[in-house]
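Report on the structure
Next come the chains, spelled out residue by residue.
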Amino acid sequence: MKFDLPALPYPYDALEPFIDARTMEIHHTKHHATYVVKLNEALEKHPELQPKSPEELLKSPDLVPEDIRTAVRNHGGGHFNHSHFWKAMKPRALGGGGEPKEKIAEAIRKSFGDFAKFKDEFSKAAAGIFGSGWAWLVLDGRGEILIVTTPNQDSPLMKNQKPILGLDVWEHAYYLKYQNRRPEYIENWWNVVNWEQVENNSQGSG
Ligand code: MN
């Protein structure tokens, strides 16, 4: 099985003005597409791995032969993380942003006090990542939600944490519009969070 670049669930300009169309197009058709190509190239060397999902490969790096382990970590992680990222956003006009409802809202209150405190803590974690990486809200093995960060394209799955909301803070995600102003990108991104998807991620297979 070869992996394919998934289509975005909205047009490139749908997240304007918070995330600009040109950034979305390059991010999807160049960056994400390259992770998919390189993941497929790596797996061609070990066809026995091809039935496995990226989730399985990331959760169990020991299953991956050493000669492609780094490639699978970087490009499998890149493919998985970006597939998550696109779905976890939604145009503001269609109900993106705002505050979560349902069970995830309750879980956030329980773990962080209130939504404003959670948002502040998550934003600080994302802004504070040195170099390239991701900020995440994850579920750990005990069902607790917590904020974590990962470097490069590492996935929380590698630590048996289930990603429920991820934010890409690589410069390629924001540089055209925000240049070095990562905190401004983060603040704008909250306007397009797809809380229904976050709820689904926290319940189902994500
Ligand atoms: Mn990216």
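About the thresholds
Residues numbered from 1 in each chain as written. Predicted model: local features only at pLDDT ≥ 70, side-chain atom pairs only at ≥ 80, totals over all residues. Heavy atoms only, no water. Helix = DSSP H or I, 4+ residues; strand = E, 2+ residues; numbered from the N terminus. Rg over C-alpha atoms; globule rule 2.2 N^0.38 Å. Buried < 20%, exposed > 50% of the residue type's maximum accessible area, 1.4 Å probe, protein only. Contact = heavy atoms within 4.5 Å. Areas by Shrake-Rupley, 256 points an atom, 1.4 Å probe, with all protein chains shown as cover. Lys, Arg positive; Asp, Glu negative; His and termini not counted. Charge placed at Lys NZ, Arg CZ, Asp CG, Glu CD. Pairing = 2+ DSSP bridges. Axes fitted to C-alpha atoms, helices over the stretch in contact; angles between N-to-C directions. Domains from an automatic or database assignment. Buried area = accessible area lost by both parts, 1.4 Å probe. Salt bridge = Lys/Arg side-chain N within 4 Å of Asp/Glu carboxyl O. Phe/Tyr/Trp six-rings, centres within 6.5 Å; stacked < 30°, edge-to-face > 60°.

Time to look at the overall build of the chain. When helices and strands are counted, the chain shows eight helices and three strands. When the helices and strands of the chain are placed in sequence order, the string is α-α-α-α-α-β-β-β-α-α-α. Expected size for 206 residues packed as a compact globule is a radius of gyration near 17 Å; at 17 Å, the chain falls within 12% of this value. Once the C-alpha set of the chain is aligned to its principal axes, its extents read approximately 45 × 40 × 30 Å. By residue count, 50% of the 206 residues in the chain fall in the buried class. In the chain, the share of contacts with a sequence separation of at least 24, taken over all contacts with a separation of at least 6, comes to 67%. With the model as given, the accessible surface of the chain reaches about 10100 Å², and the carbon-plus-sulfur share is 51%. Distance between charge centres in the chain, computed from 25 positive and 28 negative side chains, equals 2 Å.

On the basis of which strands lie adjacent, the open sheet formed by three strands has the order β2-β1-β3 and antiparallel pairing. The two strands at the open ends of the sheet, each matched to only one other strand, are β2 (145-151) and β3 (162-168). In this sheet, adjacent strand axes meet at a mean angle of 25° when their direction is disregarded. The pairing of strand β1 (residues 133-139) with β2 spans seven bridges and is antiparallel. Its bridge partner being in β2, Leu139 is matched across the sheet by Ile145.

Time to look at the environment of Arg181. Among the structural elements, Arg181 can be located in the loop between α6 (175-178) and α7 (182-189). A relative accessible area of 33% means that Arg181 is categorised as partly exposed. The spatial distance from the C-alpha of Arg181 to the C-alpha of Leu5 is 29 Å, given a sequence separation of 176 residues.

Another aspect to go through is the domain arrangement of the chain. Taken as a whole, the chain is organised into domain 1 (21-87) and domain 2 (92-202). Spacing between the C-alpha centres of domain 1 and domain 2 amounts to 21 Å. Contacts between the two partners involve 19 residues from domain 1 and, on the opposite side, 24 residues from domain 2. Across the interface of domain 1 and domain 2, roughly 1800 Å² is buried in total on both sides, 61% from carbon and sulfur atoms. For the domain 1 face of the interface with domain 2, the top three residues by lost area are Asn81, His84 and Phe85, together amounting to 32%. If you look at where domain 1 meets domain 2, you find one salt bridge. Two residues, Arg73 and Asp154, come together in a salt bridge whose shortest N-O distance is 2.9 Å.

Glancing now at the packing of aromatic side chains. One pass over the full model with this rule turns up 14 aromatic pairs. Ring geometry for Phe122 and Trp190: centres 5.4 Å apart, planes at 70°, overall edge-to-face. Placement of the pair is Phe122 in helix α5 (residues 115-127) and Trp190 in the loop between α7 and α8 (195-203), with a sequence separation of 68 residues. Relative accessible area serves as the criterion here: at 0%, Phe122 is assigned to the buried category. Residue class for Trp190 comes out buried when judged on its relative accessible area of 5%.

Right, let's get into unusual backbone geometry. The step from Glu16 to Pro17 runs through a cis peptide bond, and the omega angle for that step is 0°. Along the polypeptide, Pro17 turns up in the segment before α1 (21-44).

Glancing now at the side chain of Asn40. Its place among the elements puts Asn40 in helix α1. Taking the relative accessible area as the measure of exposure, Asn40 reaches 9% and is therefore buried. Beyond its immediate sequence surroundings of up to four residues, Asn40 is in contact with Lys2 and Phe3.

Of all the seven residues making up β3, six are buried; the element is thus mostly covered by neighbouring parts of the structure. In terms of strand pairing, β1 meets β3 through six bridges, oriented antiparallel. When the bridges of β3 are listed, Leu139 appears paired with Lys162.

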